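Residue-level structural notes
Chain residues, written in single-letter form:
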Amino acid sequence: MLTPLTKLKSSAKVAVVGGGVSGLCFTYFLSKLRPDVKVTLFESQNRTGGWIYSCATKDESGRQIMVEKGPRTLRGVSDGTVLIIDTLRDLGKEAVVQKIDKGCTADKKFLLDPSDKLVQVPDSLTTALKFLLNPLGKGLIPGMLGEWFRKKSQHPGQDESVESIINRRFGNKSMSNNMISALLRGIYGDDVSLLSAKRTFRKIYYNELKHGSNTQAMIDNMREKSKGKKSEDSQRPLTGCLNDYVKAFGKNESNLLDLSNKLKRYPMLGLAGGLEKFPQVVRNALNKFDNVEIVTNEPVVQIVKHDANVKTIGLKVQSGDKYEGFDHLRLTITPSKIAKLLPKNEDSLSKLLNEIQSNTIILVNYYLPNKDVLDAGQHGFGYLVPKSNKNPGKLLGLIFDSVIERNFKPLFGVDSQNPNASKKYTKLTAMIGGDMLNEHGVPVVPSREVTISAVKDALNHHLGISNEDLEAGHWEFTVADRCLPRFHVGYDAWQEKTEKKFQETYGQTVSLGGMGFARSPGVPDVIVDSFNDALQLGR
Ligand SMILES: Cc1cc2nc3c(=O)[nH]c(=O)nc-3n(C[C@H](O)[C@H](O)[C@H](O)COP(=O)(O)OP(=O)(O)OC[C@H]3O[C@@H](n4cnc5c(N)ncnc54)[C@H](O)[C@@H]3O)c2cc1C
Ligand SMILES: C=Cc1c2[nH]c(c1C)Cc1[nH]c(c(CCC(=O)O)c1C)Cc1[nH]c(c(C)c1CCC(=O)O)Cc1[nH]c(c(C)c1C=C)C2
């Protein structure tokens, strides 16, 4: 949360709504910090983990396989990733942590050009030249050369769309229509003409606000670096959440600093057996905590607020049971889902929450045993589809899971320990829709058959995979219904207003977490947010 939280009284009772990674980690950190506090976590499904779902299934020959139906990688440069890895170490599971080496095959990202050809996102002089010669690179050089001279926003400090700031800074529409639209689709599943620059493109936004241009920001930062003593990473003290984490749990600071610096060397990390290993490990630990109760298969349907002289808050669940006497309620579900829980007389708060809708993403997994149908030149992390592509299948992008899995290496073990390294198989995940599914603001989801057929066409056209190989594969279809909040222009202001309204209405008895209220929607970010709020409440 952006707003401060007050320390819980001794032996307080806390309710957590949502058993995704936010709710699990908030519960884990708080119940470790404060064994006197009793935490009850409510999860509507029969499993915890939320969108992190490494699904065990069988291929056409009945062989056990795992397909990711949500996230599969974590970025290396993030305090949240340090918290995840250190928690796995604490729980004796560090062996599952895997890294992707910088510059390895799986670190290559591609964009789909207007003629459905893959073009690698530049990571060298050769790939930069190829990119500039492709229509996707149109406007890049003149845009960058003239950036320093272009006018700043007429309304400094006011939010605007990513498309608006990119077109102004780079003096053309090609950048936002091509590379930028693709990159943001690959995180937010939404459109650059709607996404908030202040929230989703902070660097570009604050560079212009503070330095006048990105070029000037680069010059100023280089001057700062040459002025200041370049202290080695290893000597630079931990700051922010990691510093708090060391103090709160009595961690060895240099040990954590080493881990943080080690992780910064890797663009991505993953877990052997799937990313769901992490929420599973945390869940298993929580099952052994005396001060934690986890209630699954029980959707919370209403928050029960009492009149002013009663300081506690209650919850009603779908079965009709009521749970009373909580000193604090932690909500980790999306804003529009929170709105559904509010008492009937809170229209203004409900209206405010409903201003933020979420996009639906369809995930289609393809698995083909014993054959790698991707050409060597296509091996990489995956590809994204820019706005400039016709894109009849409404593809956001496609992840080459088998390439990632073959390139995973144990972070703490010996490199040779990856059983997939020499395996011949193809595993891909197509992500479809996002804002492209919306008709009058409401997601319209095509059938499994229509969607899989569109993905087959796309794999045939974009990657040259034969119909025979496509028909021989195993297919999975998952609708991640309203999974990603829409971070549109004005989102930061909306969050401040909503948190303030919540505190006016509920005082300190409610806090807001999860993707809608963390700095970014990624797993590391929601975990940092969970730790920070648990620390404020539990300090
Ligand atoms: C397709 C996709 C791909 C992604 N890829 C990446 C990636 O590569 N890297 C990355 O870092 N992040 C990625 N993310 C983001 C990542 O999934 C989220 O950061 C993380 O899962 C958010 O966890 P959460 O606990 O905040 O929310 P959720 O996972 O949504 O958990 C909320 C939980 O609350 C439960 N719930 C809902 N309503 C109620 C109710 N009324 N009562 C009780 N329980 C309720 C739900 O069942 C769910 O279990 C991706 C997300 C999606 C959708
Ligand atoms: C094609 C659609 C999507 C792909 N992933 C997501 C969508 C909508 C969702 C998503 N992916 C990432 C995050 C976390 C972001 C953050 O704040 O850390 C979310 C919500 C991770 C991510 N995806 C890409 C990058 C560069 C990152 C950040 C680094 C990391 O965490 O690994 C780009 C990307 N996403 C997809 C593809 C195919 C792709 C690049 C080729 C799938």
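All of the points below concern the structure found in this document. Bear in mind the structure is a predicted one, so any value in this text is a computation, not a measurement.

Moving on: the overall build of the protein chain. Tallying secondary structure elements over the protein chain gives 19 helices and 23 strands in all. Computed over C-alpha atoms, the radius of gyration of the protein chain comes to 24 Å, within 12% of the 24 Å expected from 2.2 N^0.38 for 539 residues, which places it in the range of a compact globule. In terms of overall dimensions, the protein chain has a C-alpha envelope of 70 × 60 × 55 Å along the principal axes. Within the protein chain, buried positions represent 56% of all 539 residues. Relative to all contacts within the protein chain whose residues are 6 or more apart in sequence, the contacts with residues 24 or more apart total 73%. Total accessible area on the protein chain stands at roughly 23,800 Å², and carbon and sulfur atoms take up 53% of it.

Okay, the packing of helix α2 (residues 79-90) against helix α19 (residues 523-538) next. Each packed pair of helices is defined by two parameters, the angle between the axes and the distance between the axes. α19 packs onto α2 with a crossing angle of 80° between their chain directions and a minimal axis gap of 7 Å. When the interaxial angle is binned, α2 and α19 end up roughly perpendicular. Judged by residue contacts, D79, G80, T81, L83 and I84 of α2 engage V523, P524, I527, V528 and F531 from α19. Considered class by class, the residues forming the contact of α2 with α19 number 7 nonpolar, 2 polar and 1 charged.

All right, on to the site of ligand 1 then. Lining the immediate surroundings of ligand 1 are 25 residues, of which S22, E43, W51, P521 and V523 lie closest. One of the side-chain nitrogen or oxygen atoms of Q45 is found 3.0 Å away from an oxygen atom of ligand 1. Between an oxygen atom of ligand 1 and a main-chain N or O atom of V523, the distance comes to 2.9 Å. Classifying every residue of the shell around ligand 1 by side-chain character gives 14 nonpolar, 10 polar and 1 charged.

Time to look at empty space enclosed by the protein. With the rule as written, the count across this model stands at 1 cavity of 30 Å³ or more. Counted as a void, the largest cavity has a volume near 50 Å³. Contributing to the lining of the largest cavity are K152, S153, H155, P156, G157, Q158, E160, Y205, E208 and L209. Considering only residue class, the lining of the largest cavity consists of 3 nonpolar, 4 polar and 3 charged.

Spatial strand order, β10-β2-β1-β14-β23: 5 strands in an open sheet with parallel pairing. Each having just a single partner strand, β10 (292-295) and β23 (510-512) make up the two edges of the open sheet. Neighbour-to-neighbour, the strand axes of this sheet turn through a mean angle of 15°, independent of strand direction. Strand direction decides the pairing type here: strand β1 (residues 13-17) and strand β14 (residues 328-331), joined by 4 bridges, are parallel. Looking at β14, one finds that V17 is bridged to L331.

Our focus in this paragraph is the pattern of salt bridges. For the structure on display, the rule yields 33 salt bridges. Salt-bridge contacts for K251 lead to D90; the nearest nitrogen and oxygen are separated by 2.5 Å. Taken together, the residues K251 in the loop between α10 (240-249) and α11 (253-263) and D90 in helix α2 connect sequence positions 161 residues apart. For D90, a relative accessible area of 36% puts it in the partly exposed group. Each of K32, D86, R89, D90 and K251 takes part in salt bridges that share partners, so that together they form one network.

Turning to the packing of aromatic side chains, a few remarks are in order. Two descriptors summarise a pair of aromatic rings, namely the distance from one centre to the other and the angle between the planes of the rings. Within this structure, the stated rule accounts for 19 aromatic pairs. When the centroid spacing of 4.9 Å and the interplanar angle of 80° are considered together, the rings of Y205 and Y206 count as edge-to-face. Judged by centre distance (5.6 Å) and plane angle (35°), the rings of W494 and F517 are tilted. Taken together, the residues span a long stretch of sequence, with W494 in helix α18 (residues 491-506) and F517 in the loop between β23 and α19 at a distance of 23 residues. Taken individually, W494 and F517 each receive the classification buried, so the pair is uniform in this respect. In this structure, K305 packs its charged tip against the face of Y506, placed 5.6 Å from the ring centre.

Around ligand 2, a shell composed of 21 residues is seen, among which T73, R75, G186, I187 and D525 lie nearest. One of the side-chain N or O atoms of R75 is found 2.3 Å from an oxygen atom in ligand 2. In the environment of ligand 2, an oxygen atom lies 3.3 Å from a nitrogen or oxygen atom belonging to the side chain of D525. When ligand 2 is considered free in solution it has 760 Å² of accessible area, and contact with the protein chains removes 84% of it. Those elements giving two or more residues to the shell around ligand 2 turn out to be α6 (174-188), β16 (382-384) and β17 (395-399). Its residues assigned to classes, the shell around ligand 2 shows 11 nonpolar, 7 polar and 3 charged.

Conventions we followed
- Residues numbered from 1 in each chain as written.
- Chains lettered and ligands numbered in written order.
- Predicted model: local features only at pLDDT ≥ 70, side-chain atom pairs only at ≥ 80, totals over all residues.
- Heavy atoms only, no water.
- Helix = DSSP H or I, 4+ residues; strand = E, 2+ residues; numbered from the N terminus.
- Rg over C-alpha atoms; globule rule 2.2 N^0.38 Å.
- Buried < 20%, exposed > 50% of the residue type's maximum accessible area, 1.4 Å probe, protein only.
- Contact = heavy atoms within 4.5 Å.
- Areas by Shrake-Rupley, 256 points an atom, 1.4 Å probe, with all protein chains shown as cover.
- Axes fitted to C-alpha atoms, helices over the stretch in contact; angles between N-to-C directions.
- Parallel < 35°, antiparallel > 145°, perpendicular 65-115°, else oblique.
- Nonpolar A, V, L, I, M, F, W, Y, C, P; charged D, E, K, R; others polar.
- Near = heavy atom within 4 Å.
- Polar contact = N/O pair within 3.5 Å; in protein donor to acceptor, adjacent residues only side chain to side chain.
- 1 Å grid on protein atoms, 1.4 Å probe; cavity = no way out; pocket = protein on both sides within 12 Å on 5 of 7 lines; lining within 4 Å.
- Points joined across faces, edges and corners; volume = space filled by probe spheres on them.
- Pairing = 2+ DSSP bridges.
- Salt bridge = Lys/Arg side-chain N within 4 Å of Asp/Glu carboxyl O.
- Phe/Tyr/Trp six-rings, centres within 6.5 Å; stacked < 30°, edge-to-face > 60°.
- Lys NZ or Arg CZ within 6 Å of the ring centre and 35° of its normal.

By themselves, these observations are geometric and do not establish any function.
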